[in-house]
Structure formats: C-alpha cells, structure tokens
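Close look at the chain arrangement
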Amino acid sequence: MSSIIQLLPDHVANQIAAGEVVQRPASVVKELLENAIDAKANDVKLIVKDAGKTLIQVIDNGVGMSVTDARLCFERHATSKIRLAEDLFDLSTKGFRGEALASIAAIAHVELKTKQDQEELGHHIVIEGSKFISQDVAVLPKGTSFLVKNLFFNIPARRNFLKSETVEMRHIVDEFQRVALAHPNIYFTLIHNGSEMFNLPASNYRQRIVNLLGGKTNEKLVPVTEDTEIVKISGFVGKPEYAKKSRGEQFFFVNDRFIKSGYLHHAIMNAYDGLLKEGNQPSYFLYLQVPPNTIDINIHPTKTEIKFDDEQALYAILRSAIKHSLGQFNVAPVLDFERDPNLDTPYEYKNKDSDSPTIQVDANFNPFIENKPVRNNNNSYASSGNYTKRETANSWESLYVDLRKDTAEVESISFESEELTGSFFDNMEVENTTSRTYQIHKKYIVSSIKSGMLVIDQNKAHQRILYEQYLTNITVKHASSQQLLFPLELYFSREEIQFIKELQPSLENTGFIFDNIKEDSIQIGGIPVSIQESEVSILLEELINGLQHNIPESTFSLNDGIAKTMAKSLAVKTGTYLAEIEQENLVNGLFACKDPNVSPFNKPIFITISVEDLDKKFAL
C-alpha cells in the first residue's frame, strides 16, 4: 500500500500559518510595529490606505538589517529574538516565533527596504506570495521600511470575510493605540488615506494618554503606584464619575506588552465596588512590571494572553493599590468617623507654601466720634462720618392705631357646613368609568380586549414605536429639532470623533444640529424634540459603543442600526410609572406600527390571554 503522508510545500505551510498570525490588516500592523520597536527605533511611522486592504507601510529608524538577514527574515521560524527553548521564559522582545514575516509574505506583495548605520548602501527586496521577485542595492536612510500591498490577493475567500473599511480601520487604530501607549518614549505617526490621524511625540505616560484620547482625559485620571517583590504597578485609573458603558479605554500592559485578562479586570471592578453605576465600566491604563521568568507568553498566537505564576497575589495587590489611590485622592470615601473632611487640605495644595493674608486699615476711623444724622434735600439721612445711620422706625404698635376692632362682625358671619356642600350632588348621576389599561409592577401594561386581555411589555413596546419613528425620519423625512439656548459641548476621543463624523448625516436627519466638530469635542446646537439635553451624552456614547465594532456595509443597514440604538436608549425604562393617559397612548401607538408583534431586536412585545385560558385556570 502506498504511503499517503507527505510534507507540505513551504508556500502552503506559510498560508496555513498566516491563518493564525494574520487574521485581518490590523494583525499585519501589530507585527510590523512590534518589529520596529524590537529594532530599537525611536521614530515609527505607519501609513495605511483603504484600511490596510490596499497598503500598509511601517517606516522606522532602527538598527536595520544586513543583506543576509534581509533575505533570511522571510523564512519560517527564522528569528533574532531567541536561541534556546529556555529563552521563552526570559523574553525582553515583542516577537520570538519567527513566523510573522513569512506568513505576511505568503499572502501579500511585500517590499523591504533596509540599511544599517555603518553601511553605505541599503537593500531593496520584493516578494509576491512567498516568491522572490528581485533583490537590489539602493540608497536608503538608516532603518527599515516594510511595505505590504494587496493583502490576501491569493486567498479571495479570506479577503471576502473582511469587514467594512470603518471596522477594519477601527481595529488598526486599536493596535496602534496599544503599541503607542506601551512605549511613550517613541515618536509615533499614523497616516490614513493621506490624512494624518495621530502625531504622537515622545513624552511620558500621562501625556501619551492625553495625546491619544484628547485633552479632556487629563482631569479624569488618578495615578496608581505600587512597588512590591512580586510586581511593580504604575499607571492611571479613571474617576468613577467618568465611567462609560463601553470597555474601550481599558489597557493592561505587562512588561510593555498589551494583554487581556478577565481575572485582573475583576480585581479592578472589585476595587470600584460601590462607586460605579450599574453597567458602567471604569477607564484604566495600568503598567505591570514582573520578572520575565514568572510569566508564560507563549500560550496564544496573538500573544495577548499571559499565564502568571501567582495570580492570587497579583489580584490582591492590584485591588488594594487601586483602592488606595482612589482613597488618597478623595475619590472614594474614607471610613474615619473622627475626621472632619472640611479641614482636609486639598491634594493639589498639599506642598504649596501658604500666603500671608492682606490686611486693610481705615486710618480715618475713630470710634469716639459721634455721627449725628443730617437731613439732606432728598429726605435721606447722611452722616458726617464714613457710614449712614438710618432713623429708627416707630414702634410696631403705631402701625395698628387706626384699625377698627371688627371681632364681633367676624363672629356673626355664617359658613356652609359639610352637609350643605354634599347636598349639591344628591340629584346628579355620576357615571362609573373603568380604566381600560392597568400597569403592573411598573413593567407591564394590561389592556382588555373582546377575547380576553393583552399583557404588554412597556419597554419593548416603546422601543418599537421609537424605532419606526426614527427610521422614518432618517430615510424618508427630516425630523424637527429644538434649538438649545446655549450650545452643548461634549468631549470624545479622536477615534470617536471620526466615528461621529461618519454618522453625522444620519444623526442630523433625526433632529441633531452640529455647530462645530473639533479634534476632541463637538458642539451641538439642536437636539431631537423627544430627547432631553441630559440624555444626549449617554445616547451618543451608547450609539458609538453599539455600532463601532459592527458597522454594516450598506447605508440602509447603518441607518437601521442607528434607529435601533436610539430607540433602545430612549425607550421608557422598566420600573417607570406611567399615568393612565400615557398607558393608552403607548398601546395605541404600538398597534399603529407596521409590526407591533416584535421589538426592533426580535423580542415578543405582548402576549394574549383569552377568557378560555382563564376559565381553564380556575377549573383546575
């Protein structure tokens, strides 16, 4: 019998590896940026076109590569990061597997330009689908430039699975932010379709966070520091009042490497216990330094998961460090019953020198001089001194001198008794009207029908009404808006501002009026009639959170998502009391909808209970 097991060709093996390493354009960005950092660069530029589908280029001023290394780096398992298996537990670099460049070259057109500082000329290599096309000598600056074009050109199925340009760009920005936050000492630049999105000069951690997320972020941050034998913690957490529904601004860095850890996230949520509203998530930017031999990075292809030796101790230290910071900066209350908080020195004034108070003295004041009031022409009193003394009013009895004593007349007046008042309605027929709707537990509305009764979920019913209303406003006609007396200014991060710009036409159809959109803030001059001014910020946050990771390709689907999110955010909540007329309006509005049976999210809105069903219940 002939053997059936055979070795795969290199180009097939590279494509299989690319399925794990390169899932989307953001994966290429991550690998190339980490290689630039490992090359000891202090200036890194990322250039992207069409969200990475057409072009991804990373230019750095690192150490560069020799001609041998430039050719060898595209081979599988070729790396300069490790030599032995034991090196996996003492890693100080980002990469170590040696699979990334080989995988990228297998599914794209790659151009490599590199030059070392001591060399006079650099090298230019062109590869298409793992095939070497050319290798030339070129005049180049110090450093390396990786240019990746036509990603997944030979795997059309993988290319078809890519999302819209907005979604893919969102993932690229996420990877760029993670690398930029971990290395504030490096100058980063991001250019998309010829326009500069981020320009981040070398700075400290706090300045890098503010440069990435906007100037308003500075006042939200509370510093966290802790130094133990197990871990050294530094970074910042957000104040509880600035917590959001989304989990976008949450970053863990272990030895300057971004990681995801639900276990450590739980420690932070535990530290905020009692300080956050239900469903809100705090922001945090935490940098952990641990001995390299106490962690294992090689457990996931993306290297975003880490195994710790002593997770329980790390959990306790992180939780206590954040609680201490929140208490130290008067963000969280301190249980000290003998302390008067009014006497506390504000933190920003703790190390400041006190200023001597200024004293003003009136040199002309003499307490022994009598100030006799003098009447002037306009019948007011003026004194010869520095103050005016008004004439004392007459005694209060003089106000009632000329009044008559009408006590007897008041006593002789007769009033109608309660019995007389009640007799007015003796001969009138009062119609006993019964309510057509009832509210149960401030959650359900019960309405009677001929065959029995309806039990309606008030929240889902209002969602359906608002959904059809907003969808009509966006697609068919413009909604009316109410002008604000003072423009409302809201602050967002730069990527959220870009997202709002893309949603602006649809939001304006619902009634929003945008006066000005800046890099980190927007000014709103008008809002839809059905929205309160205090709800605008919450609505936009939920809209961004709900749509930014799943933006559909078609405009109609985008409008549909906006209408669903707005309806869900603004619908009457469970636990809200509704008056009888509000209940009737809700029921009438529901059955005026095109599809009153299900909510915008395909949940049942009401159930019908017939008289026969009730009879069966009582017959048991």
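Predicted model only: the values in this text are computed from it and were never measured. (Residues numbered from 1 in each chain as written. Predicted model: local features only at pLDDT ≥ 70, side-chain atom pairs only at ≥ 80, totals over all residues. Heavy atoms only, no water.)

Okay, the overall build of the chain next. Across its full length, the chain holds 17 helices and 24 strands. Scored against the burial criterion, the 620 residues of the chain give a buried share of 41%. Here the analysis covers contacts within the chain between residues at least 6 apart in sequence; of these, 67% occur between residues at least 24 apart. Here the chain displays about 37,100 Å² of accessible surface, and carbon together with sulfur accounts for 51% of that area. (Helix = DSSP H or I, 4+ residues; strand = E, 2+ residues; numbered from the N terminus. Buried < 20%, exposed > 50% of the residue type's maximum accessible area, 1.4 Å probe, protein only. Contact = heavy atoms within 4.5 Å. Areas by Shrake-Rupley, 256 points an atom, 1.4 Å probe, with all protein chains shown as cover.)

Given a rise of 1.5 Å per residue, 18 residues ought to cover 26 Å, and the 26 Å separating the end C-alpha atoms of helix 12 (residues 458-475) matches this to within 8%. Helix 12 sits mainly inside the fold: 14 of its 18 residues count as buried. One side-chain oxygen of the residue at the start of helix 12 lies 3.0 Å from the amide nitrogen of Asn 459, identifying that residue as Asp 457. (Expected span 1.5 Å × (residues − 1). Polar contact = N/O pair within 3.5 Å; in protein donor to acceptor, adjacent residues only side chain to side chain.)

Spatial ordering of the open sheet is given by 21-23-22, a layout of three strands whose pairing is antiparallel. The outermost strands of the open sheet, each flanked by one partner alone, are strand 21 (481-491) and strand 22 (513-517). Between one strand axis and the next, the sheet turns by 15° as a mean value, whatever way the strands run. (Pairing = 2+ DSSP bridges. Axes fitted to C-alpha atoms, helices over the stretch in contact; angles between N-to-C directions.)

Side chains that carry opposite charge are capable of pairing whenever their charged atoms lie near each other. On inspection of all chains with the given rule, the structure shows eleven salt bridges. Among the ionic pairs, Glu 468 bridges to Arg 464, the shortest N-O distance being 3.1 Å. One end of the pair is Glu 468 and the other is Arg 464, both in helix 12 and four residues apart, which spans about a single turn. Of the two residues, Glu 468 and Arg 464, neither departs from the other in class, the shared state being buried. We note a salt bridge from Asp 560 to Lys 564, for which the minimum N-O separation is 3.4 Å. Taken together, the residues span about one helical turn, with Asp 560 and Lys 564 both in helix 15 (residues 555-570) at a distance of four residues. For Asp 560, a relative accessible area of 15% translates into the label buried. (Salt bridge = Lys/Arg side-chain N within 4 Å of Asp/Glu carboxyl O.)

For the rest of this paragraph, the subject is the packing of helix 8 (residues 262-271) against helix 9 (residues 311-328). Across the interface, helix 8 lies against helix 9 with an axial gap of 8 Å and an inter-helix angle of 35°. Here the hand of the crossing between helix 8 and helix 9 comes out right-handed. Residues Tyr 263, Leu 264, His 266, Ala 267, Ile 268, Asn 270 and Ala 271 of helix 8 form the contact with helix 9, whose own contacting residues are Glu 311, Gln 312, Leu 314, Tyr 315, Leu 318, Arg 319, Ile 322, Lys 323 and Leu 326. Of the residues that constitute the contact of helix 8 with helix 9, the class distribution is ten nonpolar, three polar and three charged. (Left-handed = near helix turned anticlockwise from the far one by under 90°. Nonpolar A, V, L, I, M, F, W, Y, C, P; charged D, E, K, R; others polar.)

The geometry of two aromatic rings is summed up by the distance between their centres and the angle between their planes. Applying the stated criterion to the full structure yields 14 aromatic pairs. Aromatic pair Tyr 205 and Tyr 287: ring centres 4.1 Å apart, planes at 40°, arrangement tilted. With a gap of 82 residues between them, Tyr 205 in helix 7 (residues 205-213) and Tyr 287 in strand 13 (residues 284-289) connect regions that are remote in the sequence. Note on Phe 251 and Phe 253: the rings are 6.1 Å apart at their centroids and 5° apart in plane angle, and the pair reads as stacked. Both residues of the pair, Phe 251 and Phe 253, count as buried. (Phe/Tyr/Trp six-rings, centres within 6.5 Å; stacked < 30°, edge-to-face > 60°.)

This part is about a nonpolar patch on the surface. There is a patch of nonpolar side chains on the surface, built from Leu 121, Val 137 and Val 139 and spanning about 300 Å² of accessible area. Among the secondary structure elements, Val 139 is positioned in the loop between strand 5 (131-138) and strand 6 (143-149). When its relative accessible area of 72% is taken as the criterion, Val 139 is described as exposed. (Patch = residues over 30% accessible without salt bridge, like charges linked within 9 Å, V, L, I, M, F, W, Y side chains within 5 Å.)

By size, the foremost hydrophobic cluster in this structure holds 58 residues, and its most contacted members are Leu 32, Leu 46, Phe 74, Val 148, Phe 188 and Leu 190. Counting residues per element, this core draws most heavily on helix 6 (residues 165-182), which supplies eight residues. In contact with Leu 32, not counting residues within four places along its chain, are Ile 56, Val 58, Leu 101, Ile 104, Phe 146 and Val 148. Listed in part, the 32 residues of the second largest apolar core include Ile 474, Leu 490, Phe 492 and Ile 524. (Core = buried A, V, L, I, M, F, W, Y, C linked by side-chain atoms within 4.5 Å.)

This part takes up unusual backbone geometry. Positive phi is not limited to glycine here, since Asn 193 has a value of about 50°. Turning to its location among the elements, Asn 193 is positioned in the loop between strand 7 (187-192) and strand 8 (195-200). For Asn 193, a relative accessible area of 41% puts it in the partly exposed group. Even without being glycine, Asn 255 reaches a positive phi, approximately 55°.

A separate point is the sheet that holds strand 10 (residues 232-238). By way of backbone hydrogen bonds, the strands of a sheet pair with one another, either parallel or antiparallel. Taken in spatial order, the five strands line up as 9-10-13-11-12 in an open sheet, and their pairing is mixed. The open sheet terminates on both sides in strands that have one partner only, identified here as strand 9 (221-227) and strand 12 (257-259). With strand direction ignored, the average angle separating the axes of adjacent strands in the sheet is 20°. Taken strand by strand, helix 6 contacts strand 11 (250-254), strand 12 and strand 13, and its axis lies near 50° from that of strand 11.

So, about empty space enclosed by the protein. Under the definition given, this model contains five cavities of 30 Å³ or more. Taken as a whole, the second largest cavity spans an internal volume of roughly 70 Å³. Forming the walls of the second largest cavity are Thr 217, Lys 220, Leu 221, Gly 238, Lys 239, Tyr 242, Ala 243, Lys 244, Glu 249, Pro 282, Ser 283 and Phe 285. Counted by class, the lining of the second largest cavity contains five nonpolar, three polar and four charged residues. (1 Å grid on protein atoms, 1.4 Å probe; cavity = no way out; pocket = protein on both sides within 12 Å on 5 of 7 lines; lining within 4 Å. Points joined across faces, edges and corners; volume = space filled by probe spheres on them.)

Attention shifts here to the pairing of strand 8. Across five bridges, the pairing between strand 7 and strand 8 is antiparallel. Looking at the pairing, Phe 188 lines up with Leu 200 of strand 8. What sits between strand 7 and strand 8 in their antiparallel hairpin is a turn of two residues, with Asn 193 showing a positive phi close to 50°.

Every buried residue of helix 7 is accounted for by Arg 208, Ile 209, Val 210, Leu 212 and Leu 213. At the N-terminal boundary of helix 7, the capping side chain belongs to Asn 204, with an oxygen 3.3 Å from the backbone nitrogen of Arg 206.

Between two packed helices, both the angle of their axes relative to each other and the distance between the axes serve to describe the pair. The N-to-C vectors of helix 6 and helix 7 enclose an angle of 160°; their axes lie 9 Å apart at closest approach. Here helix 6 lies roughly antiparallel to helix 7, going by the angle between them. Classified by chirality, the crossing of helix 7 by helix 6 is right-handed. Side by side, helix 6 and helix 7 meet where Gln 177, Ala 180, Leu 181 and Ala 182 of the first sit next to Tyr 205, Arg 208, Ile 209, Leu 212 and Leu 213 of the second. Of the residues in the contact of helix 6 with helix 7, the class split is seven nonpolar, one polar and one charged. (Parallel < 35°, antiparallel > 145°, perpendicular 65-115°, else oblique.)

Let us look at the side chain of Glu 249. Inspection of the secondary structure puts Glu 249 in the loop between strand 10 and strand 11. On the accessibility criterion, Glu 249 (14% relative accessible area) is buried. Here the side chain of Glu 249 touches Ser 283 through a polar contact of 3.1 Å, side chain to side chain.

As for its placement among the helices and strands, Asn 185 is situated in the loop between helix 6 and strand 7. Taking C-alpha positions, Asn 185 is 9.3 Å from Asp 43, a pair spaced 142 residues apart along the chain. With sequence-adjacent residues up to four places away left out, Asn 185 is seen in contact with Ala 202 and Ser 203.

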